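Secondary and tertiary structure notes
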Amino acid sequence: DLHLSIRRQRQMCIRDSRYLESLYPEPNLFGENAIEIASIEMWQARIYNELMIPLAMAFRHLHPGMSEMEIQNKDYGETQKIIGIKSLKYFDAALAEGEFVAGDRFTFADIQMITTTDFFISLNRLTLEDYPEIKRHSKLMSERSSFSA
């Protein structure tokens, strides 16, 4: 089941990231106090559930190259793409309020955002030009030395 597989991969990614953070606590990516931890986890989960999943499902159900991997449902794919676009607009507006996703510094929520937008916007034949704040955030992330690693 695709959703179960994605959830497992997400859990492994978060688990491994938290493990690495416990070994190398600075710079902190998951928060330093209860409010910051909750905020980062909330934004990361929202990006995952409200943006990544709909865009992933749109790609899987609409792209001709994916037809060999699963039974496609065009109506479902179109609906997921609409949901993904609505979420892109929401997150674009949210990013207008600050430089980073979950506060005033780089966090795991920014990693979730850049990996989602960098991968799924083009796969769904969308463009960053329609989302100027996401484009700004993408540029900011690409300027980080760790981005090219």
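Use the structure listed above.
If you're wondering where the values come from, they're calculated on a predicted model, not measured in any experiment.

As for the packing of aromatic side chains
What the rule picks out here adds up to five aromatic pairs. Taking 4.8 Å as the distance between ring centres and 25° as the angle between the ring planes, the aromatic pair formed by Phe-30 and Phe-108 counts as stacked. Placement of the pair is Phe-30 in the loop between helix H1 (2-23) and helix H2 (34-62) and Phe-108 in helix H4 (residues 108-123), with a sequence separation of 78 residues. We note that Phe-30, like Phe-108, is buried. A cation over a ring is seen here: Arg-46 above Trp-43, with NZ or CZ 5.6 Å from the ring centre.

Describing H2
For H2, spanning 29 residues, the distance from its first C-alpha to its last is 41 Å, which sits close to the expected 42 Å at 1.5 Å a residue. Approximately 35° is the largest bend angle found in H2, and it occurs at Met-52, with the proline Pro-54 only one to four residues beyond. One side-chain oxygen at the N-terminal end of H2 lies 3.1 Å from the backbone nitrogen of Ile-35; it belongs to Asn-33.

Concerning the packing of helix H3 (residues 74-95) against helix H5 (residues 132-142)
Their axes nearest at 7 Å, the elements H3 and H5 cross at an angle of 65°. Overall, the two elements H3 and H5 adopt an arrangement that is roughly perpendicular. Viewed along their axes, H3 and H5 form a crossing whose handedness is left-handed. Within the contact between the two elements, H3 uses Leu-88, Phe-91, Asp-92 and Leu-95 and H5 uses Pro-132, Glu-133, Ile-134, Arg-136 and His-137. Here the residues of the contact of H3 with H5 are counted per class, giving five nonpolar, one polar and three charged.

Examining the pattern of salt bridges
This model, assessed by the stated rule, comprises six salt bridges. With a closest N to O distance of 3.0 Å, Glu-50 and Arg-46 form a salt bridge. With Glu-50 and Arg-46 both in helix H2 and four residues apart, the pair spans about one turn of that helix. Since its relative accessible area comes to 28%, Glu-50 is described here as partly exposed. On the basis of relative accessible area, Arg-46 is assigned to the partly exposed category, the value being 24%. Here Glu-143 makes a salt bridge to Lys-139, at a shortest N to O gap of 2.5 Å. With respect to class, Glu-143 is no different from Lys-139; both count as exposed.

Rules used throughout
- Residue positions are given per chain, counted from 1 along the sequence in the order it is written.
- Local features in this predicted model are restricted to residues of pLDDT 70 or higher, and side-chain atom pairs are both shown and tallied only at a pLDDT of 80 or more, whereas totals for entire chains, interfaces and linings draw on every residue.
- Here the side-chain values reflect all heavy atoms present in the structure, with hydrogen atoms and water set aside.
- What counts as a ring pair is set by centres within 6.5 Å for rings of Phe, Tyr and Trp (its six-membered ring), and what kind of pair is set by the plane angle: stacked under 30 degrees, edge-to-face over 60, tilted for all other angles.
- Only DSSP runs of H or I reaching four residues or more are called helices, and only runs of E reaching two or more are called strands; each is numbered from the N terminus.
- For the exposure calls, accessible area comes from a 1.4 Å probe over protein chains only, and a residue counts as buried if that area is under 20% of its type's maximum, exposed if over 50%, partly exposed in between.
- Two limits define a charge over a ring: the Lys NZ or Arg CZ must be within 6 Å of the ring centre, and within 35 degrees of the ring normal.
- Here, expected helix span is obtained from the residue count minus one, scaled by 1.5 Å.
- What is called the bend at a residue is the angle between a pair of axes, fitted to the seven residues leading up to and ending at it and to the seven starting from it.
- Polar contacts, as used here, are pairs of N or O atoms within 3.5 Å; protein pairs need one atom able to donate a hydrogen and one able to accept it. Residues neighboring in sequence count only if both atoms are side-chain atoms.
- Here the axes come from fitting lines to C-alpha atoms, over the contacting stretch only for helices, and the angles between their N-to-C directions go from 0 to 180 degrees.
- The labels follow the angle: roughly parallel below 35 degrees, roughly antiparallel above 145, roughly perpendicular from 65 to 115, and oblique for the rest.
- Helix crossings get a hand from a simple test, with the near helix turned counterclockwise from the far one by less than a right angle marking a left-handed crossing and a clockwise turn marking a right-handed one.
- Contacts were defined at the residue level, with two residues in contact if any of their heavy atoms lie within 4.5 Å.
- Gly is placed with the polar residues, together with every amino acid not listed as nonpolar (Ala, Val, Leu, Ile, Met, Phe, Trp, Tyr, Cys and Pro) or charged (Asp, Glu, Lys and Arg).
- Each salt bridge in this description consists of a side-chain nitrogen of Lys or Arg and a carboxyl oxygen of Asp or Glu lying within 4 Å of one another.

Note that every value here comes from positions in space, so none of it alone points to a role or purpose.
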